[in-house]
Amino acid sequence: MTVPVLDVNDLSISFIQYQAGMRQRMLQVISDLNASIQGGEILAVVGSSGSGKSLLAHAILGILPKNAFVSGSILYQGQLLSPERQKKLRGREIALVPQSVNYLDPLMRVGAQVRTAVRRGNPPEEQRKAFQRYGLAAQVEGLFPFQLSGGMARRVLVSTAVVSGARLIIADEPTPGLHPEVVAEALNHLRQLADEGCAVMLITHDIGTALAVADQIAVFYAGTTVEVAPAADFQGQGETLRHPYTKALWRSLPQNDFIAIPGFQPSPYCLPAGCLFAPRCVMKTDRCLTAKPGMRDLRGGRVRCDHAS
Ligand SMILES: Nc1ncnc2c1ncn2[C@@H]1O[C@H](COP(=O)(O)OP(=O)(O)OP(=O)(O)O)[C@@H](O)[C@H]1O
Ligand code: NI
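Residues numbered from 1 in each chain as written. Chains lettered and ligands numbered in written order. Predicted model: local features only at pLDDT ≥ 70, side-chain atom pairs only at ≥ 80, totals over all residues. Heavy atoms only, no water.

Enquirer: It is not clear to me how the sheet that holds strand β7 (residues 168-172) should be interpreted in this structure. Could you clarify?
Expert: Working definition: the strands of a sheet are paired by backbone hydrogen bonds and lie parallel or antiparallel to each other. Pairing is mixed across the open sheet formed by eight strands, whose spatial order is β6-β7-β8-β3-β9-β10-β12-β11. The sheet is open, and its two edges are formed by β6 (94-97) and β11 (296-298), each paired on a single side. Ignoring strand direction, the axes of neighbouring strands in this sheet form an average angle of 25 degrees. Sheet topology note: the strand β9 (residues 216-221)/strand β10 (residues 224-230) ladder contains six bridges and is antiparallel. Of the residues in β10, the one forming a bridge with Phe220 is Thr225. Lying on the sheet, helix α8 (residues 244-251) is in contact with β9 and β10; it crosses β9 at an angle near 105 degrees. (Pairing = 2+ DSSP bridges. Helix = DSSP H or I, 4+ residues; strand = E, 2+ residues; numbered from the N terminus. Axes fitted to C-alpha atoms, helices over the stretch in contact; angles between N-to-C directions. Contact = heavy atoms within 4.5 Å.)

Below, the structure written as structure tokens:
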């Protein structure tokens, strides 16, 4: 088997919080999270707000806040991603396509910004090649970020990732608020990069977006991975899916049963003792309320549920 470009094993993240009287406590926000991406593959990370998607991206890039305490391991090309290695690879082999144009410097022309990201070759030449590839007219390089439309801004952001020559591309929520054509275009760009051999992590809360381009879907819930499934398993009534949450999420979509899952995702301040989904689960037993299920292989995917079959 080939070595995955990215391999996240049992990642946990806690924040040290100081309370009155110098007391401190650890707030666990990510628990035993797993994810892995091969070159040529798009892994979509799907989960509702607060499930830990952005924290995973920040942990990979090495840009977590200073009070974060991390355990578990993140391997890049089979080797541990130490803080030194993260610093060396960030913006070179590992690139972020950020959420919005706000990540661009508002006072710098976009062509110049993209040129500073070039790691190989002649910067103006590489920048122009990227703009041409993404259908940005030559005069766009002279514009400031506020002069770009939403679609142009996405193309500039993806150009920045491409000129860096990255092997691992992390795209955080590239879609909300964009026109459907722009969304489709942004997703196509990610697909092209994967087809050229990159490993792509697409972070989204929308399963529809994920299914449009991803090979694998990792479903996050309350800071952990409950399931990793091939995209093709999201079909019909969800019979081929593994975790009760994934099945319920799939059936809750408007195009399916459109029935919301009762209850709420627990906050890091009051996580359940056993399975994090147990309080909302129709399959729970007494054991689920006390014992945390591990992640296991099942039918070509992975699941964190003792009852899944
Ligand atoms: N610096 C921090 N200190 C304490 N808790 C934090 C910190 N940053 C994030 N969290 C908590 O960690 C959890 C995961 O946050 P994260 O931003 O990764 O969620 P997300 O899945 O990206 O959500 P969204 O879809 O809204 O972007 C949330 O409960 C959030 O409140
Ligand atoms: Ni986020």
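Enquirer: What is the right way to look at the sheet that holds strand β2 (residues 24-37) in this model?
Expert: Sheet architecture is open: four strands sit in the order β2-β1-β4-β5, paired in antiparallel fashion. In the strand order of this sheet, the two ends are held by β2 and β5 (79-80), each with one partner. Alignment of strand β1 (residues 6-18) against strand β4 (residues 68-76), held across eight bridges, turns out to be antiparallel. Residue Phe15 lies in a different strand from β4, and its bridge partner there is Ala68.

Enquirer: In this structure, what is going on with the pattern of salt bridges? I would like to understand it.
Expert: Two side chains with opposite charge may pair up if their charged atoms get near one another. Within the structure shown, the criterion is met by 11 salt bridges. With a closest N to O distance of 3.1 Å, Asp195 and Arg191 form a salt bridge. Taken together, the residues Asp195 and Arg191, both in helix α6 (residues 180-195) and four residues apart, mark about one turn of the helix. On the accessibility criterion, Arg191 (18% relative accessible area) is buried. With a shortest N-O distance of 3.3 Å, Asp306 and Arg287 are connected by a salt bridge. Within this pair, whereas Asp306 is found in the segment after β12 (301-303), its partner Arg287 is found in the loop between α8 and β11, the two being separated by 19 residues in sequence. It is possible to trace a salt-bridge network through shared partners that takes in Arg115, Arg128 and Glu141. (Salt bridge = Lys/Arg side-chain N within 4 Å of Asp/Glu carboxyl O. Buried < 20%, exposed > 50% of the residue type's maximum accessible area, 1.4 Å probe, protein only.)

Enquirer: Please explain the side chain of Gln86 as it appears in this structure.
Expert: Within the secondary structure, Gln86 is located in helix α2 (residues 83-89). Within the structure, Gln86 has its side chain in polar contact with the backbone oxygen of Ala59 (distance 2.7 Å). Dropping the residues within four chain positions of it, Gln86 is found in contact with Ala59, Ile60, Leu61, Gly62 and Leu81. (Polar contact = N/O pair within 3.5 Å; in protein donor to acceptor, adjacent residues only side chain to side chain.)

Enquirer: Help me understand the site of ligand 1, please; the structure alone is not making it clear to me.
Expert: As a structural note, the neighbourhood of ligand 1 is formed by 13 residues, with Ser49, Gly50, Lys53, Ser54 and Leu55 the closest of them. Take Gly52: an N or O atom from its main chain is 3.0 Å from an oxygen atom of ligand 1. The separation between an oxygen atom of ligand 1 and a polar side-chain atom of Lys53 is 2.8 Å. Surface burial for ligand 1 is 67%, taken as the share of its 650 Å² of free accessible area covered by protein chains. The biggest single contributor to the shell around ligand 1 is helix α1 (residues 53-61), with three residues. When its residues are assigned to classes, the shell around ligand 1 shows five nonpolar, six polar and two charged. (Near = heavy atom within 4 Å. Areas by Shrake-Rupley, 256 points an atom, 1.4 Å probe, with all protein chains shown as cover. Nonpolar A, V, L, I, M, F, W, Y, C, P; charged D, E, K, R; others polar.)

Enquirer: Explain α8 here, please?
Expert: A turn of α-helix holds 3.6 residues, and therefore any two residues three or four places apart point the same way. Among the eight residues of α8, six are classified as buried, and the element is accordingly described as predominantly covered. When we look at burial in α8, the residues that qualify are Pro244, Tyr245, Thr246, Ala248, Leu249 and Trp250. At its buried positions, α8 is contacted by α7 (207-213), β9 and β10.

Enquirer: Sorry, what's going on with the environment of Ser36 here?
Expert: Mapped onto the fold, Ser36 is located in strand β2. You can call Ser36 partly exposed: its relative accessible area is 32%. Taking the C-alpha atoms as reference, Ser36 lies 17 Å from Leu190; in sequence the two are 154 residues apart. If we skip the residues at most four places from it in the chain, Ser36 touches Pro4, Leu6, Asp7, Glu41 and Leu43.

Enquirer: Looking at this structure, how should I read empty space enclosed by the protein?
Expert: Rolled over the atoms, a probe with the dimensions of a water molecule shows which regions are left empty. Following the criterion strictly, the structure yields two cavities of 30 Å³ or more and no others. In this structure, the largest cavity is lined by 13 residues; those nearest its centre are Cys275, Cys288, Cys305, Asp306 and His307. Considered class by class, the residues forming the lining of the largest cavity number nine nonpolar, two polar and two charged. (1 Å grid on protein atoms, 1.4 Å probe; cavity = no way out; pocket = protein on both sides within 12 Å on 5 of 7 lines; lining within 4 Å. Points joined across faces, edges and corners; volume = space filled by probe spheres on them.)

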